[in-house]
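Results of the structural survey
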Amino acid sequence: MASEPLLACDGLTKTYGDRTVVNGVSFQVAPGETYGLLGPNGAGKTTTISMIAGILAADAGSVRVAANEVSPTAPRSRAAIGLVPQEIALYPDLSGRENLRFFVRLQMLPRAPLKARVDEVLEVFGLADRAGDPLEEYSGGMKRRCNIAAGLRHQPELLILDEPTVGVDPQSRNAILGAVEQLAGEGMSVLYPTHYLEEAERLCDRVAILDEGVVVAEGSRDDLI
């Protein structure tokens, strides 16, 4: 681990009524590291990353990204984060390129860098040849790839992917995994929640196993095996 982690979670806890869905979760992610959150559905993965991204307030604990405290009331601290939800968060009547241009323009980039950034992420996710087609004509896997591309619009230091391959075809799944490997190879930190063992083994430098809201094991792939 680097002396200064990019992401530091300390004692994250979230309770709904009498049910504690995340219970004292703590871990760190180093710059350039791909870190997996491995666990079954209902383990607390989505709630954990919602607190990390500043969407959901923690009942206890803290999150720091790039040395800044993250919370729903501190929006500027989330600038280093790119969050990609499971649901497609794009406009179906716009083309892939138009969707990405819209989200990139929200970052107030000048026109030339904006175009270059859109072209870059379209290429990374194998969408350049269909960039002008309406999103509603994309396959489910292509929509998922475009959804991830939108999360990269502002070149975040930390990319959070919420189970990005659930329900996609094998070709798109392989394209998504290959793109994550490429981004990690370029130095981006990635937080990768999944319930697929083979994805965690392929992509992640270290993995935390989450069960019923508790980290029950953590380590490198070789350590856990």
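Report on the accompanying structure. (Residues numbered from 1 in each chain as written. Predicted model: local features only at pLDDT ≥ 70, side-chain atom pairs only at ≥ 80, totals over all residues. Heavy atoms only, no water.)

Re the packing of helix α4 (residues 140–151) against helix α5 (residues 170–185)
So the rule is basically this: Angular values range over 0 to 180 degrees, each being the angle between N-to-C directions of two axes fitted as lines to C-alpha atoms, with helices fitted over their stretch in contact. For helices the rule is a DSSP run of H or I covering at least 4 residues; for strands it is a run of E covering at least 2, with both sets numbered from the N terminus onward. Under this scheme an angle from 65 to 115 degrees is roughly perpendicular, one under 35 degrees roughly parallel, and one over 145 degrees roughly antiparallel; angles in between are oblique. The hand of a helix crossing depends on one turn: near helix anticlockwise from the far one by less than a right angle means left-handed, and clockwise means right-handed. What makes two residues a contact is simply this: any of their non-hydrogen atoms within 4.5 Å. We call Asp, Glu, Lys and Arg charged. Ala, Val, Leu, Ile, Met, Phe, Trp, Tyr, Cys and Pro are nonpolar, and the rest, Gly among them, are polar.
Where α4 meets α5, the axes come as close as 9 Å, and the angle between the chain directions of the two elements is 15 degrees. One finds that α4 runs roughly parallel with respect to α5. The handedness of the crossing between α4 and α5 comes out as right-handed. For the pair α4 and α5, contact is made by G141, M142, R144, R145 and I148 and by S172, A175 and I176, respectively. Here the contact of α4 with α5 is composed, by residue class, of four nonpolar, two polar and two charged.

A word on the sheet that holds strand β8 (residues 189–194)
Which entries qualify depends on this criterion: By definition, two strands form a pair when at least two bridges between them are found by DSSP.
Strand order across the open sheet formed by six strands is β6-β7-β8-β3-β9-β10, with mixed pairing between neighbours. Looking along the sheet, the strands with just one partner apiece sit at the ends: β6 (81–84) and β10 (214–220). Ignoring which end each strand starts from, the neighbouring axes of this sheet average 15 degrees apart. Sheet topology note: the strand β9 (residues 206–211)/β10 ladder contains six bridges and is antiparallel. Counterpart to D211 in the pairing with β10 is V214. Strand contacts of α4: β6 and β7 (158–161), with the helix running at about 160 degrees to β6, the strand carrying the most contacts.

Things to note about the pattern of salt bridges
For the record, the criterion: When a carboxyl oxygen of Asp or Glu lies within 4 Å of a side-chain nitrogen of Lys or Arg, that pair is called a salt bridge. Note on exposure labels: buried denotes an accessible area under 20% of the residue type's maximum, exposed denotes more than 50%, and partly exposed covers the range between, all computed with a 1.4 Å probe on protein chains only.
As enumerated under the stated definition, the model contains eleven salt bridges in all. A salt bridge links R206 to E33; the shortest N-O distance between them is 2.6 Å. Residue R206 is found in strand β9, and its partner E33 is found in the loop between β2 (19–29) and β3 (34–38); the two are separated by 173 residues along the sequence. With respect to class, R206 is no different from E33; both count as buried. The residue R97 makes a salt bridge to D119 at a minimum N-O spacing of 3.9 Å. Pair noted here: R97 is in helix α2 (residues 96–105) and D119 is in helix α3 (residues 111–124), with a separation of 22 residues, a long-range link. Ionic contacts of the salt-bridge type, sharing partners, join the residues E33, R206 and E218 into one network.

Focus on a nonpolar patch on the surface
Just so we agree on the cut-off: Patches here are clusters of residues that have more than 30% relative accessible area and form no salt bridge, with a 9 Å joining cutoff for like charges and a 5 Å cutoff for nonpolar side chains (Val, Leu, Ile, Met, Phe, Trp, Tyr). Only the protein chains shown count as cover for residues, and the accessible areas themselves come from Shrake-Rupley with a 1.4 Å probe.
Residues Y91, F102 and L106 make up a contiguous nonpolar surface patch of about 290 Å² in total accessible area. For F102, a relative accessible area of 34% puts it in the partly exposed group.

Remarks on the pairing of strand β1 (residues 7–16)
Relative to β2, β1 runs antiparallel, the two sharing eight bridges. Bridge assignment links C9 to a residue of β2, and that residue is F27. Following β1, the chain reverses through two residues before pairing antiparallel with β2; G17 in that reversal takes a positive phi of roughly 65 degrees. Sheet topology places β1 next to strand β4 (residues 60–65); five bridges connect them, and they run antiparallel. Bridging from a neighbouring strand, D10 pairs with S62 of β4.

Remarks on the environment of G126
Residue placement: G126 occurs in the loop between α3 and α4. For the pair G126 and I176, spaced 50 residues apart in sequence, the C-alpha separation works out to 9.3 Å.

Remember, this is a structural readout, not a statement about activity or role.
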